[in-house]
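# Reading the structure
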Amino acid sequence: MHGIKQLLFKSDTGNFHTSWCQGFYFHKKLEYGIWQEKGGPCGIIATVQAFFLKHLLFVQKQKLTGLSLQLKNNCIASAIADILLNAASGNPSGAVNLVVPRGAQGLRANPTPCQPSACQKLTFNSGPDQRRRLLGTLLSSIGSFTEETGAGVVCLVYSVILTKGVEEMRADFDFEVSLINEYGYASQELINTMLVGKSASNCFDGDKVMGPDLTLKGIERQSEIGFLTLFEHYGNFEVGDYLKRPVLPIWVICSESHYSIMFSTNFALAGQMVTPGSRPFDVIYYDELAKQEEDIILTVEPGKYVAGGKRGLDGRTQQEYTVPIDAVLRTKWAKANINWNGRTVIL
């Protein structure tokens, strides 16, 4: 466990905020939605939510309602396995290190986040049955990851770091960073490790050589799960096609220092070319912290956005303040109006 605290907080005495004391448990009304109790762990929860939906919709081929506890646990375990295998792909050994609390600590309420010293590491070496063995262990210990006030979120972070490797993560950084920033949120480097196994500071495709002594590192392969950010709308960040055009129509959204997700049940949307003349289509937006009680169906209307005037089929008028989620979606579908279909706009 050596080096975890330094990588997370640049300090051996740093710690997660108490808001990170939760597992991956579900919304009581929106059956597919993982619940976030307080601010802080949104990046980790949103990424697990995205991989959960991958398995629910496109592997198990289930609908969003009528979900059994067993099915949800299977999809959570599969999501965690995907994330750790992604992290393992960035380590020459290919081994997965799963971190779980010792004894019953992960199965009871914890007022403070679980410390590395209170955990044990289970190693799954690379091989043809690696995923099967990892998934079996995850399912047998799923309560350690799903207990509402347990150590699931923190243990996943520890697992990602030890699977990728402390020094391997540092080697991917452009500059020395902490994986949890001063406001208690996950860094881009940590999110990228979970998505594609590379702890890059950037989201553009490939590396960019800026000079003889500086190379900015980016994303090297198409991700199954996409990523979009409001920072690109502001012009100070670039997301390349490897994340903007993922294998599956599921995107982690970063907006105003908060992570949420957008997805479609239509697999074809991932590879669909959308032009200003394309027909409108729907996506589902889910914010795990917003306490939403029903689906938010957004209709994307290509080519219908008019700044300063009427906007698309819903007739809303553009105000000086741009709805952040709308702006994020336009980084993928330029000039599209985003129709919230009467739902309360989440800022």
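For the structure itself, consult the block above.
Calculation rules
- Residues numbered from 1 in each chain as written.
- Predicted model: local features only at pLDDT ≥ 70, side-chain atom pairs only at ≥ 80, totals over all residues.
- Heavy atoms only, no water.
- Helix = DSSP H or I, 4+ residues; strand = E, 2+ residues; numbered from the N terminus.
- Rg over C-alpha atoms; globule rule 2.2 N^0.38 Å.
- Contact = heavy atoms within 4.5 Å.
- Areas by Shrake-Rupley, 256 points an atom, 1.4 Å probe, with all protein chains shown as cover.
- Buried < 20%, exposed > 50% of the residue type's maximum accessible area, 1.4 Å probe, protein only.
- Arc of directions from axis to C-beta.
- 1 Å grid on protein atoms, 1.4 Å probe; cavity = no way out; pocket = protein on both sides within 12 Å on 5 of 7 lines; lining within 4 Å.
- Points joined across faces, edges and corners; volume = space filled by probe spheres on them.
- Nonpolar A, V, L, I, M, F, W, Y, C, P; charged D, E, K, R; others polar.
- Phe/Tyr/Trp six-rings, centres within 6.5 Å; stacked < 30°, edge-to-face > 60°.
- Axes fitted to C-alpha atoms, helices over the stretch in contact; angles between N-to-C directions.
- Parallel < 35°, antiparallel > 145°, perpendicular 65-115°, else oblique.
- Pairing = 2+ DSSP bridges.
- Salt bridge = Lys/Arg side-chain N within 4 Å of Asp/Glu carboxyl O.

## Digging into the overall build of the protein
- On a plain count of helices and strands, the protein comes out with 11 helices and 12 strands.
- Relative to the globule expectation of 20 Å for 347 residues, the C-alpha radius of gyration of the protein, 20 Å, shows essentially globular dimensions.
- Considering only contacts in the protein between residues 6 or more positions apart, those separated by 24 or more positions represent 64%.
- About 14,600 Å² of surface is accessible on the protein, with carbon and sulfur atoms providing 51% of the total.

## Some words on helix 4 (residues 130-140)
- Here helix 4 has its buried residues at Gln-130, Leu-134 and Leu-138. Buried residues in helix 4, looked at end-on, bunch into an arc of 55°, giving them a common side. Seen from the buried face of helix 4, the exposed residues on the opposite side, beyond 90 degrees, are Arg-132 and Ser-140.
- Those residues of helix 4 hidden inside the fold are in contact with helix 3 (69-89), strand 1 (96-101), strand 2 (119-124) and helix 5 (143-146).

## Description of the layout of surface pockets
- Its volume calculated, the largest pocket comes out at about 270 Å³.
- Along the walls of the largest pocket sit Asn-181, Tyr-185, Ala-186, Ser-187, Gln-188, Phe-231, Asn-236, Phe-237, Cys-254, Ser-257, His-258 and Tyr-259, which together make up its complete lining.
- Split by residue class, the lining of the largest pocket holds 6 nonpolar, 6 polar and no charged.

## Considerations on the packing of aromatic side chains
- Scanning the entire structure with this criterion turns up 10 aromatic pairs.
- Residues Phe-281 and Trp-333 carry aromatic rings whose centres are separated by 5.1 Å and whose planes lie at 75° to one another, so their mutual orientation is edge-to-face. One end of the pair, Phe-281, is in strand 8 (residues 281-286); the other, Trp-333, is in the loop between helix 11 (324-330) and strand 12 (337-339), with 52 residues separating them in the sequence.
- On the basis of relative accessible area, Phe-281 is assigned to the buried category, the value being 11%.
- Seen from their ring centres, Tyr-285 and Trp-340 are 6.2 Å apart, and the 65° between their planes marks the pair as edge-to-face. Taken together, the positions of Tyr-285 in strand 8 and Trp-340 in the segment after strand 12 put the pair 55 residues apart, joining distant regions of the chain. Per residue, the accessibility class of Tyr-285 equals that of Trp-340, and both read buried.

## Structural notes on the packing of helix 6 (residues 152-164) against helix 8 (residues 188-196)
- Where helix 6 contacts helix 8, the two axes come as close as 11 Å, and the packing angle between them is 75°. One way to sum up the angle between helix 6 and helix 8 is to call them roughly perpendicular. Across the interface between the two elements, Leu-156, Val-157, Val-160 and Lys-164 from helix 6 touch Leu-190, Thr-193 and Met-194 from helix 8.
- Of the residues in the contact of helix 6 with helix 8, the class split is 5 nonpolar, 1 polar and 1 charged.

## Topic: the side chain of Asn-73
- Along the polypeptide, Asn-73 turns up in helix 3.
- Dropping the residues within four chain positions of it, Asn-73 is found in contact with Leu-139, Ile-142 and Thr-146.

## Concerning the sheet that holds strand 5 (residues 226-229)
- Within the open sheet, the 6 strands sit side by side as 5-6-7-8-9-12. Their pairing is mixed. The two strands at the open ends of the sheet, each matched to only one other strand, are strand 5 and strand 12. Averaged over all pairs of adjacent strands, the angle between their axes in this sheet comes to 30°, without regard to strand direction.
- Two elements, strand 8 and strand 9 (residues 296-301), share 5 bridges in a ladder whose sense is antiparallel. Considered in strand 9, the bridge of Tyr-285 is made with Ile-296.
- Its contacts with the sheet put helix 2 (residues 42-59) on strand 6 (250-255), strand 7 (258-263) and strand 8, and the angle it makes with strand 7 is roughly 15°.

## Quick look at unusual backbone geometry
- You will see that Lys-291, though not glycine, has its phi angle at about 60°, which is positive.
- The topology assignment puts Lys-291 in the loop between strand 8 and strand 9.
- Non-glycine residue Asn-341 carries a positive phi angle of around 55°.
- Tracing the backbone through its elements, the reader meets Asn-341 in the segment after strand 12.
- Residue Asn-341 is classed as partly exposed on the basis of its relative accessible area, which comes to 35%.

## Comments concerning the pattern of salt bridges
- Under the defined criterion, the tally for this structure stands at 15 salt bridges.
- Across the pair Lys-198 and Glu-220 runs a salt bridge whose closest N-O atoms are separated by 3.1 Å. Of the two residues, Lys-198 sits in the loop between helix 8 and strand 3 (208-211) while Glu-220 sits in the loop between strand 4 (214-216) and strand 5, which places them 22 residues apart along the sequence.
- Close ionic contact of Arg-245 with Asp-241 constitutes a salt bridge, the shortest N to O distance being 3.4 Å.
- For Arg-245, a relative accessible area of 35% translates into the label partly exposed.
- Take Asp-241: its relative accessible area is 42%, and that puts it in the partly exposed class.
- Because the salt bridges share partners, they merge into one network encompassing Lys-54, Asp-82, Arg-131 and Glu-224.

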